[in-house]
Amino acid sequence: MVAATFLNSTVNTVRRTRRAYIGAHVLAFEFAQKRAALRLNQLKSLGTVLIAKGEGIERDAADMLDMARDKVADLVPGKGDGSVTLDMKPTRVVKKAKSVDLSTDITPKAKKASTPKTASKPSAAQAGKVLKDKYEPYVEAVAKYDADVNPVIVKKIVDHLGVALNSRDGKFVACSDPAERETVAKSWLLKKLGLEADMDALDAKVGAVCETMKADRMKPRVTFYYLLAKNEGKLGTL
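Residues numbered from 1 in each chain as written. Predicted model: local features only at pLDDT ≥ 70, side-chain atom pairs only at ≥ 80, totals over all residues. Heavy atoms only, no water.

## Some thoughts on the overall build of the protein chain
When helices and strands are counted, the protein chain shows 7 helices and 2 strands. Ordered by position from the N terminus, the helices and strands of the protein chain form the series α-α-α-α-β-α-α-β-α. Counting every position in the protein chain, which comprises 238 residues, the buried fraction comes to 19%. Sequence separation of 24 or more characterises 59% of the internal contacts of the protein chain that already satisfy a separation of 6 or more. (Helix = DSSP H or I, 4+ residues; strand = E, 2+ residues; numbered from the N terminus. Buried < 20%, exposed > 50% of the residue type's maximum accessible area, 1.4 Å probe, protein only. Contact = heavy atoms within 4.5 Å.)

## Describing the environment of K171
Structurally, K171 is set in helix α4 (residues 168-171). Apart from the residues within four sequence positions on either side, K171 is in contact with A164, L165, K219, P220 and R221.

## Focus: the nonpolar core
Residues I157, W188, L189, F224 and Y226 are the most contacted members of the largest nonpolar core, which totals 32 residues. Among the elements of the structure, α2 (124-143), α3 (151-161), α5 (178-192), α6 (199-212) and α7 (221-231) are those that each provide at least two residues to this core. Take this core: its biggest share by element is 7 residues, from α7. Dropping the residues within four chain positions of it, L189 is found in contact with V184, G194, L195, L202, K205, V206 and L228. (Core = buried A, V, L, I, M, F, W, Y, C linked by side-chain atoms within 4.5 Å.)

## Here we look at the pattern of salt bridges
Enumeration over the complete set of coordinates arrives at 9 salt bridges. With its nearest N and O atoms 3.6 Å apart, the salt bridge here joins D146 to K230. One end of the pair, D146, is in the loop between α2 and α3; the other, K230, is in helix α7, and 84 residues separate them in sequence. The class of K230 is partly exposed, set by a relative accessible area of 37%. (Salt bridge = Lys/Arg side-chain N within 4 Å of Asp/Glu carboxyl O.)

## Quick word on α5
Spanning 15 residues, α5 covers 20 Å between terminal C-alpha atoms, matching the ideal 21 Å at 1.5 Å per step. Among the residues of α5, E180, R181, V184, A185, W188 and L189 are the ones counted as buried. Near the N-terminus of α5, the side chain that reaches the backbone nitrogen of A179, with its oxygen 3.1 Å away, is that of D177. Positive backbone phi, approximately 70 degrees, marks G194, located one or two places after α5. (Expected span 1.5 Å × (residues − 1). Polar contact = N/O pair within 3.5 Å; in protein donor to acceptor, adjacent residues only side chain to side chain.)

## A few points about the state of the cysteines
Enumeration over the complete set of coordinates arrives at 1 disulfide. Two residues, C175 and C210, share a disulfide whose sulfurs are 2.0 Å apart. Judged by the sign of its S-S torsion, about -90 degrees, the cystine formed by C175 and C210 is left-handed. With a gap of 35 residues between them, C175 in the loop between β1 (172-173) and α5 and C210 in helix α6 connect regions that are remote in the sequence. (Disulfide = S-S within 2.5 Å.)

## Focus: the packing of α5 against α7
Put simply, α5 and α7 touch, their axes get as near as 12 Å, and they point 60 degrees apart. The angle between the axes of α5 and α7 places the two elements in the oblique class. Between α5 and α7 lies a crossing of right-handed hand. Facing E180, V184, S187, W188 and L189 of α5, the residues of α7 in contact are R221, F224, Y225, L228 and A229. Classifying every residue of the contact of α5 with α7 by side-chain character gives 7 nonpolar, 1 polar and 2 charged. (Axes fitted to C-alpha atoms, helices over the stretch in contact; angles between N-to-C directions. Parallel < 35°, antiparallel > 145°, perpendicular 65-115°, else oblique. Left-handed = near helix turned anticlockwise from the far one by under 90°. Nonpolar A, V, L, I, M, F, W, Y, C, P; charged D, E, K, R; others polar.)

Here it is in structure tokens:
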């Protein structure tokens, strides 16, 4: 009787030990699965961040390349189709010796008094053409979104922005940059147009123009400001 009891106790102990061993392995396996899933999610998140960063760098590089091409096109004369032809072949100039008639009088002649040349001032028509050439690209850009564009209003916006248009950041609006959107809302909508609204409402107005100009990867600031003023009925107050 005692032997049977001892045997049963031993068998039960062995069974519990075996079950505990199996349970430990299963628990370890489940824990490993959870860790693997967590690492996989972390890798996916990191990959998403890296891809977004790469896309941003790629866009910036493309923008810089476009700006460089525009500057080269402005500095180097071409035919307007993107091609530039430079003739680098040197030209040899041979001066022909002047023949001297020894039979004539060699008494030096008095030189005529030279009258100083005065620089001619540009005419009113020429000055007007220079101004037209300066503002015309901005007017054409606005005309893509407003067929009845007012050139006088465009000129006022260009003059308001001034030298800021000479830099890339000043010439274009980056809708993907929250700081840029806030700058537009404060400097143009609040200060210039005199709107009274909280920043969320102002950002929504900026976002509406971003949506209107979504086809333009590079959104010209003059056009952007013109559309903001037009949406608020403020073109006449500029």
